[in-house]
Amino acid sequence: MKRLGIPVLLLTFIVIAGAFFLLGGNNTTSQSLSNPSDLPPIDSEKGLANLIYYRQSERSFTNDPLSQEDIAYLLWAGEGITVDGVSGPTRSSPSAGATDPLELFILANNVEGLEKGVYRYSPEAHELTLAREGELGGDLAQAALGQTVIRDAPAVFIVAANYDRTTGRYGERGVKYVHFEGGHAGQNINLMAEERGLGGVIIGAFDNSSVKQIIGVEDEDPLLIIPIGHPR
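As the structure is a computational prediction, the values presented were derived from the model and not from experiment.

1. Here we look at the sheet that holds strand S7 (residues 199–200)
- The strand order across the open sheet formed by six strands is S5-S4-S3-S6-S8-S7, and the pairing between neighbours is antiparallel. Every other strand in the sheet has two partners, leaving strand S5 (127–133) and S7 as the edge strands with one partner each.
- Pairing of strand S3 (residues 102–108) with strand S6 (residues 155–161) involves seven bridges; the strand directions are antiparallel. In the sheet register, Ile 106 faces S6, and the bridge partner there is Phe 157.
- Sitting on the sheet, helix H4 (residues 68–79) is in contact with S3, strand S4 (117–122), S5, S6 and strand S8 (221–229), with an inclination near 160° to S3.
- Lying on the sheet, helix H9 (residues 208–215) is in contact with S3, S4, S5, S6 and S8; it crosses S8 at an angle near 70°.

This is the structure we're talking about:
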């Protein structure tokens, strides 16, 4: 028994050492992937990379108005109609099962050709419908815990959602999907703003019931508020 013990221990040691060597000791693939210097550099001066690189949250705007063309591009970027080539008309931001729970509103504080007030966007017709007339920037700023950028921005985009459209198909998990979609729409709006020489900031701190009353809705819940303007 003593004569067999040493070879058995030696064989065990060799097996363990070999396994270590194969799994970790000489894993050049793992080492190379963990080394950031092996990744190609980012050319931040081209295309979408340029927009992402230079995009930043803007909270201070000039007094210059936004044009209706600016508004059209920003709304379309958030929730406009596109074609995916398979199922026909779709939205510019992805939607789980094409349930399309999002609704976009703008508060026009200083937009060329638009009276002050809240407007609802119709993606299918690519048009605005007046929901509430009047100077409501101060009210919306108050509902957002006094954030004056909302009062001062020439236009404020509100991303809202009807949860039932998505939870009716996916149950409670649909709530997550709606939040994903709100984020997609918000990022699209901000990147389009950057493309057009504008700036904005995504705001999530606000009183839901107050915002719903200001924009005049019952079935939709506000997800994001995005003031947009010309950066100082």
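Read on for the rest.
2. Some words on the pairing of S5
- Sheet topology note: the S4/S5 ladder contains six bridges and is antiparallel. Across the sheet, the residue bridging to Ser 122 is Glu 127, located in S5.
- Connecting the antiparallel pair S4 and S5 is a turn made up of four residues, with His 126 showing a positive phi of about 50°.

3. Focus: the layout of surface pockets
- Size it by volume and the largest pocket reaches roughly 260 Å³.
- Along its surface, the largest pocket is lined by 19 residues, and Asn 109, Arg 151, Asp 152, Ala 153 and Pro 154 are the ones closest to its centre.
- Secondary structure elements with two or more residues in the lining of the largest pocket: helix H5 (137–143) and helix H6 (148–152).
- Examining the composition of the lining of the largest pocket, we find that four residues originate from one element, H6, more than from any other.
- Taken together, the residues of the lining of the largest pocket break down into four nonpolar, eight polar and seven charged.

4. A short note on the confidence of the model for the chain
- Put simply, the chain has an average pLDDT of 88, and 83% of its residues get 70 or more.
- Contacts from residues 19–23, a stretch scored under 50 in pLDDT, to residues over four places away or in other chains number two contacts.

5. Structural notes on the pattern of salt bridges
- This model, assessed by the stated rule, comprises 12 salt bridges.
- In this structure, Glu 124 and Arg 91 form a salt bridge, with 3.0 Å as the shortest nitrogen-oxygen distance. With a gap of 33 residues between them, Glu 124 in the loop between S4 and S5 and Arg 91 in strand S2 (residues 89–91) connect regions that are remote in the sequence.
- Note that Glu 135 is salt-bridged to Lys 116, the shortest N-O span being 3.5 Å. Placement of the pair is Glu 135 in the loop between S5 and H5 and Lys 116 in the loop between S3 and S4, with a sequence separation of 19 residues.

Conventions and cut-offs
Residues numbered from 1 in each chain as written. Predicted model: local features only at pLDDT ≥ 70, side-chain atom pairs only at ≥ 80, totals over all residues. Heavy atoms only, no water. Pairing = 2+ DSSP bridges. Helix = DSSP H or I, 4+ residues; strand = E, 2+ residues; numbered from the N terminus. Contact = heavy atoms within 4.5 Å. Axes fitted to C-alpha atoms, helices over the stretch in contact; angles between N-to-C directions. 1 Å grid on protein atoms, 1.4 Å probe; cavity = no way out; pocket = protein on both sides within 12 Å on 5 of 7 lines; lining within 4 Å. Points joined across faces, edges and corners; volume = space filled by probe spheres on them. Nonpolar A, V, L, I, M, F, W, Y, C, P; charged D, E, K, R; others polar. pLDDT = per-residue confidence, 0-100. Salt bridge = Lys/Arg side-chain N within 4 Å of Asp/Glu carboxyl O.

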